[in-house]
Amino acid sequence: MTCFDVDALRARFPALSLTHEGRPMVFFDGPGGTQVPDTVIDAVARYFRESNANAGGDFPTSRRSDAIVADAHAALADLVGAESVDEVKLGANMTTLTLHASRSITATMHPGDEIVVTRLDHEANVGPWLTAAADRDVTIRTVDIRPDDVTLDLDSLDAALGPRTRLVAVGWASNAVGTINPIAEIARRAHSVGAWVYVDAVHAAPHLPIDVRAVDVDFLACSAYKFFGPHLGVLYGRRAILEALPSYKIKPAHDRFETGTGNFEGQAGALAAVGYLADIGRRESGGNAPADRRARSSRACRRSGRGR
Ligand SMILES: Cc1ncc(COP(=O)(O)O)c(C=O)c1O
């Protein structure tokens, strides 16, 4: 197909057949998350039927579970354009991952260092920085919004940046008003003063092809439930930075930035959600479908966001 076959796609979402008091239900809650296609539901159920086990065991269900975990990390690395799979960390949700990462990141800061947040951002990319900054005597600077069109005021960003800026926490797209920020330009300005950039891409991920290397950001967090998957958080971190950060690791966590037993069924569902996007990208491309999952899934998101 050369454009979205809406009926065929709708048929894959069982929730779209729900009725309430005899009338079809309509979902207007995009900022609250998407419904999920049949393949995601099946993947979560199949996990429990065929692979349910804890990690690292030398028996079939545990081996299958480990394979799903590895595949899910690889799929999400593809989705965000990470250079390597170990740059992707999975957790309960974006907020929890950000709260955790903010502790590690601010542990490298000193009193008088500065973190920049914005008035356009979701609380999940503001609150963790405010509380971590308070623990370390780090100063918070806040970027304003232009009231006429609720875009981020880049002059205000420039005024907030300085020699002590260590991190800029900014959203790619606003779940409240839909503003899409010029992330590559914001990253360029932050890097020009030596600061890292932590991007909240929760609302952007279903609408824009995410390419962490193209926009050159240091961290990016999103949530699978916004792009047809289950409730699962995804964190990308630039490998060199992650390796150098201290981590608040609780033994016997297998990863420095993931805690406890993973949500393996959620990871199975997230893997299927990336598969769903890649499938749309493949159909959308007709006979010219790119071979790899990354190109296919980004094509689907580019289509969804009308190429922005
Ligand atoms: C833009 C944005 N950032 C962050 C979040 C928080 O994500 P999570 O629920 O995965 O913690 C949301 C949730 O609605 C959101 O819309």
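All figures in this text were calculated on a predicted structure; none of them were measured in a lab. (Residues numbered from 1 in each chain as written. Predicted model: local features only at pLDDT ≥ 70, side-chain atom pairs only at ≥ 80, totals over all residues.)

S.K.: Is there a simple way to explain the overall build of the protein in this structure?
M.R.: Scanning the protein from terminus to terminus reveals eleven helices and eleven strands. Taking 2.2 N^0.38 as the reference for a compact globule, 308 residues should give roughly 19 Å; the C-alpha atoms of the protein span a radius of gyration of 20 Å, in line with that estimate. With the C-alpha coordinates aligned to their principal axes, the bounding extent of the protein is approximately 55 × 50 × 45 Å. Considering only contacts within the protein whose residues lie at least 6 apart along the sequence, 67% involve residues at least 24 apart. (Helix = DSSP H or I, 4+ residues; strand = E, 2+ residues; numbered from the N terminus. Rg over C-alpha atoms; globule rule 2.2 N^0.38 Å. Contact = placed C-beta atoms within 7 Å.)

S.K.: Can you help me understand unusual backbone geometry in this one?
M.R.: Glycine aside, the phi torsion of most residues is negative, and most peptide linkages are trans. You will see that Asp137, though not glycine, has its phi angle at about 55 degrees, which is positive. The exposed category is assigned to Asp137, around which 11 C-beta atoms lie within 10 Å. Phi angles above zero are rare outside glycine, and Val150 is one such case at about 45 degrees. Tracing the backbone through its elements, the reader meets Val150 in the loop between strand S6 (145–146) and strand S7 (151–152). (Buried ≥ 20, exposed ≤ 12 C-beta atoms within 10 Å, placed from the backbone.)

S.K.: Looking at this model, I keep getting lost on the pairing of strand S4 (residues 114–118). Mind explaining?
M.R.: It is a general feature of regular strands that their side chains alternate between the two faces of the sheet. Judged by how many residues are buried, S4 sits mostly within the fold: five of five residues are covered. Burial along S4 is two-sided: the residues Glu114, Val116 and Thr118 and Ile115 and Val117 are all buried. Both S4 and strand S5 (residues 139–143) contribute to a ladder of five bridges, which runs parallel. Within the sheet, the bridge partner assigned to Val117 lies in S5 and is Thr142. Taking the sense of rotation as the criterion, the β-α-β connection linking S4, helix H5 (residues 127–136) and S5 turns out right-handed. Across three bridges, the pairing between S4 and strand S8 (residues 165–171) is parallel. Note that in S8 the partner of Glu114 across the bridge is Thr165. (Pairing = 2+ DSSP bridges. Right-handed = clockwise from strand over helix to strand, strands pointing away.)

S.K.: I'm lost on the sheet that holds S4 in this one. Help?
M.R.: Hydrogen bonds between backbone groups are what pair the strands of a sheet, and the pairing can be parallel or antiparallel. Ordered by their spatial adjacency, seven strands build an open sheet running S3-S11-S10-S9-S8-S4-S5, and the pairing between neighbours is mixed. Of all the strands in the sheet, the pair left with one neighbour each is strand S3 (88–91) and S5. Adjacent strand axes in the sheet meet at a mean angle of 20 degrees, parallel and antiparallel pairs treated alike. Taken together, the five bridges between strand S10 (residues 219–223) and strand S11 (residues 233–237) define a ladder with antiparallel strand orientation. Its bridge partner being in S11, Ala221 is matched across the sheet by Leu235. Taken strand by strand, helix H3 (residues 60–80) contacts S3, S10 and S11, and its axis lies near 115 degrees from that of S3. (Axes fitted to C-alpha atoms, helices over the stretch in contact; angles between N-to-C directions.)

S.K.: Even after reading the chapter, I still don't get the site of the ligand, so can you show me in this structure?
M.R.: In the vicinity of the ligand, 13 residues are found, and the nearest of them are Asn93, Thr95, His122, Asn175 and Ser223. Its residues assigned to classes, the shell around the ligand shows four nonpolar, eight polar and one charged. (Near = placed C-beta within 6 Å. Nonpolar A, V, L, I, M, F, W, Y, C, P; charged D, E, K, R; others polar.)

S.K.: What is the right way to read helix H4 (residues 94–106) from this model?
M.R.: An α-helix turns once per 3.6 residues; consequently, residues spaced three or four apart project the same way. Across its 13 residues, H4 extends 18 Å between first and last C-alpha, which sits within 8% of the 18 Å expected from 1.5 Å per residue. All of the buried residues along H4 are Met94, Thr95, Leu97, Thr98, His100, Ala101, Ser102, Ile105 and Thr106. The elements touched by buried residues of H4 are S3, H5, S8, strand S9 (196–200), S10 and S11. (Expected span 1.5 Å × (residues − 1).)

S.K.: Help me understand the pairing of S8 in this model?
M.R.: With respect to burial, S8 is a largely interior element, seven of its seven residues being buried. Pairing analysis gives five bridges linking S8 to S9, with the strands arranged parallel. By the bridge assignment for S9, Leu167 is matched with Trp196. Remark: the S8/helix H7 (residues 183–192)/S9 crossover connection has right-handed handedness.

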